[in-house]
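Structural overview for review
So the chains spell out like this:
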Amino acid sequence: MKSSKYEIDMCNGSIMDKLISFSLPLMLSSILQLMFNAVDIIVVGRFSGSEALAAVGSTTALINIFTNLFIGISLGANVLAARYYAAGQEKEMSESVHTAITLAIISGIIMAFVGVGMSRTALELMDTPSDVIGLSTVYMRIYFCGMPFFMLYNYGAAVLRAVGDTKRPLLFLAAAGLANVGLDLLLVIVIPLGVAGVAIGTVASQMVSSVLVIWCLHRTEGSYQLRFSRLSIKWVYLKRIFQVGIPAGIQSTVINFSNALLQSSVNSFGSTAMAGYTAANNIMGFLYVSVNAVTQACMSFTSQNYSVGKAKRMDRVLLDCILLSSGAAVVLGVGAYVFGSRLLTIYTSDASVIQCGLEILSITTVPYFLCGIMDLLPGALRGMGHSAVPMILSVIGTVGTRIVWIYGIFPHHRSLYFLFISYPGSWIITIIMQAVCFYFVRKKCQQNLKVKAA
């Protein structure tokens, strides 16, 4: 089903070229967003010093803990909208869109108050060093003021992805990112506001992207058209969004909690290691968004094909996604490893910071294709409407492994290299558990589709 040049027919025709057509703009959008975020880090690191760089970097894991529950819920909106769109259920599609956007507004306002109020306390719980915590608090409080815009963009983009439109969100992020870069240069170099300037630029860019995506939904003529007068919570659709979205959000939140524990371990090495981790983590972010774009494609394609009963096509979608994700991760991961020292010099000229960053990249980048496979299996399961069990397995595999590693093994072998071995180890353990889960759930779904067809 396709009604505009921006949409993709996920249920008919060849698969790989459509996966690429869907994933590439989404991948570029995420990479573009990370590049603009990298500009934040580069500008503050170059012009405000390593303490400011460490301050901005040390907030990442905490911000993700606060926001990822609601971002995960947006995946539920994506799956539900994709299902209704493929089945041609226009009334249900419209009401699920209006429920999702209303939820975005409410959750954004809640997150703004929670984030502003709890920033300092959360940073203290993470043992953020005293020479960094003041700047980190300023950055987080300003950042959270932009949460309503952040949520609106993510939920609006989730609706567009449900119909196969990943091109317009790319254009919106490009516009927002250019605004972010301009404001960074103005508010850090010309007007020396330091981390506050970077945070203000980020909030302003989020406002630009949210306005553009809402304008796009308002102007469309399709079943996902947004009408402000119809914004409301329809509980039947909210429940269905939550069924997929809450487990996904909890999974993401708990995994980021483990990242916060990891950040706390890095903090124990001091601000130099923190700055190195900040730069290395930003590079790894490019790897993550590349494989995550394919996971988003897998979820949307699976959801649409599940709604029209095409089980064999769902299997082909997953296999093609594994090939696409692994290929992209191997190329980018090997590239990040080989050119690691050159990439790190973009962020900082401090030799000790670069050395810390290289130590982290040496163990995390080449095997990154495992992370892509680990995320694809739960993505396919969510597309079929099953989100709770994959969430539990991801928490056990990823978070459990890291907690055991951080508190049981790492204290006896204290080094950054040994700390980050937990990454590939947790990926392998989680893949094994998710594969077993996928086999049984896929078998059950196939039986259900046969019953519906009969």
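Definitions and limits used
- Residues numbered from 1 in each chain as written.
- Predicted model: local features only at pLDDT ≥ 70, side-chain atom pairs only at ≥ 80, totals over all residues.
- Heavy atoms only, no water.
- Helix = DSSP H or I, 4+ residues; strand = E, 2+ residues; numbered from the N terminus.
- Rg over C-alpha atoms; globule rule 2.2 N^0.38 Å.
- Buried < 20%, exposed > 50% of the residue type's maximum accessible area, 1.4 Å probe, protein only.
- Axes fitted to C-alpha atoms, helices over the stretch in contact; angles between N-to-C directions.
- Parallel < 35°, antiparallel > 145°, perpendicular 65-115°, else oblique.
- Left-handed = near helix turned anticlockwise from the far one by under 90°.
- Contact = heavy atoms within 4.5 Å.
- Nonpolar A, V, L, I, M, F, W, Y, C, P; charged D, E, K, R; others polar.
- Polar contact = N/O pair within 3.5 Å; in protein donor to acceptor, adjacent residues only side chain to side chain.
- Salt bridge = Lys/Arg side-chain N within 4 Å of Asp/Glu carboxyl O.
- Expected span 1.5 Å × (residues − 1).
- Core = buried A, V, L, I, M, F, W, Y, C linked by side-chain atoms within 4.5 Å.
- Phe/Tyr/Trp six-rings, centres within 6.5 Å; stacked < 30°, edge-to-face > 60°.
- 1 Å grid on protein atoms, 1.4 Å probe; cavity = no way out; pocket = protein on both sides within 12 Å on 5 of 7 lines; lining within 4 Å.
- Points joined across faces, edges and corners; volume = space filled by probe spheres on them.
- Arc of directions from axis to C-beta.

1. Observations concerning the overall build of the protein
Counting its regular elements, the protein contains 17 helices and zero strands. Rg of the C-alpha trace for the protein: 21 Å, near the compact-globule value of 22 Å for 454 residues, within the 12% margin. Dimensions of the protein along its principal axes, counting C-alpha atoms only, are 65 × 45 × 35 Å. Classification of the 454 residues of the protein by burial places 58% in the buried group.

2. Some remarks on the environment of Cys145
With respect to the helices and strands, Cys145 occurs in the loop between helix H5 (130-144) and helix H6 (147-162). On the accessibility criterion, Cys145 (49% relative accessible area) is partly exposed.

3. Structural notes on the packing of helix H4 (residues 90-125) against H5
Axis separation between H4 and H5 bottoms out at 8 Å; the angle between their running directions is 165°. Taken together, the axes of H4 and H5 lie roughly antiparallel to each other. Crossing hand, H4 versus H5: right-handed. Taking contact as the criterion, the partners of Met111, Ala112, Gly115, Val116, Ser119, Arg120, Leu123 and Glu124 in H4 are, on H5, Ile133, Gly134, Ser136, Thr137, Met140, Arg141 and Phe144. Split by residue class, the contact of H4 with H5 holds seven nonpolar, five polar and three charged.

4. Thoughts on the side chain of Ser290
Note on placement: Ser290 falls in helix H10 (residues 271-307). Overall, Ser290 belongs to the buried group, its relative accessible area being 1%. At a separation of 2.8 Å, a polar atom in the side chain of Ser290 contacts the main-chain carbonyl oxygen of Phe286. Among residues more than four places away in sequence, those in contact with Ser290 are Met27, Ile31 and Leu332.

5. Re the pattern of salt bridges
Evaluation of the coordinates by the stated rule reveals five salt bridges. One salt bridge in this structure joins Arg120 and Glu124, with 3.3 Å as the shortest N-O distance. Placement of the pair is Arg120 and Glu124 together in helix H4, with a separation of four residues, close to one helical turn. Residue class for Arg120 comes out partly exposed when judged on its relative accessible area of 34%. A relative accessible area of 42% means that Glu124 is categorised as partly exposed. Of the charged contacts, one joins Arg442 and Asp315 as a salt bridge, the two residues approaching to 2.6 Å between their closest N and O atoms. Note that Arg442 is positioned in helix H17 (residues 422-453) and Asp315 in helix H11 (residues 311-338), a separation of 127 residues in sequence. Note on Asp315: relative accessible area 30%, which makes it partly exposed.

6. Regarding H10
The terminal C-alpha atoms of H10 lie 51 Å apart, and with 37 residues this matches the ideal 54 Å at 1.5 Å per residue to within 8%. In terms of burial, H10 is a largely internal element, 31 of the 37 residues being buried. One or two residues past the end of H10 sits Gly309, with phi positive at roughly 75°.

7. A short note on the nonpolar core
By size, the foremost hydrophobic cluster in this structure holds 103 residues, and its most contacted members are Met151, Tyr155 and Phe420. No other element matches the 13 residues that helix H3 (residues 60-87) contributes to this core. Once residues lying within four places of it in the same chain are set aside, the contact partners of Tyr155 are Phe70, Ile73, Ser74, Ala100, Ile101, Leu103 and Ala104. By size, the runner-up hydrophobic cluster in this structure holds 27 residues, among which are Phe301, Val317, Cys321 and Cys437.

8. So, the packing of aromatic side chains
Taken as a whole and assessed by the stated rule, the structure comprises 11 aromatic pairs. Measuring from ring centre to ring centre gives 6.2 Å for Tyr143 and Phe144, while their planes differ by 75°; the resulting arrangement is edge-to-face. Ring centres of Phe420 and Tyr423 lie 5.5 Å apart, and the angle between their planes is 40°; this geometry places the pair in the tilted category. Accessibility expressed as a relative area gives 0% for Phe420, which makes it buried.

9. What about the environment of Leu178?
Position of Leu178 among the secondary structure elements: in helix H7 (residues 167-190). As a C-alpha pair, Leu178 and Val308 span 130 residues in sequence and 41 Å in three-dimensional space.

10. Topic: empty space enclosed by the protein
A complete count under the given rule lists two cavities of 30 Å³ or more for this structure. In this structure, the second largest cavity occupies an estimated 40 Å³ of space. Those elements that place two or more of their residues in the lining of the second largest cavity are H11 and H17. Looking at the lining of the second largest cavity, the element that brings in the most residues is H11, giving three residues.

11. A few points about helix H12 (residues 340-347)
For H12, the full list of buried residues reads Gly340, Leu344 and Tyr347. All buried residues of H12 fall inside an arc of 40° around its axis, so they share one side.

12. As for the packing of H4 against helix H9 (residues 235-267)
At a closest axis distance of 9 Å, the pairing of H4 and H9 adopts a crossing angle of 75°. Here H9 runs roughly perpendicular to H4, going by the angle between their axes. Between H4 and H9, the contacting residues are Lys91, Glu92, Glu95, Ser96, Thr99, Ala100 and Leu103 on the first element and Tyr237, Leu238, Ile241 and Phe242 on the second.

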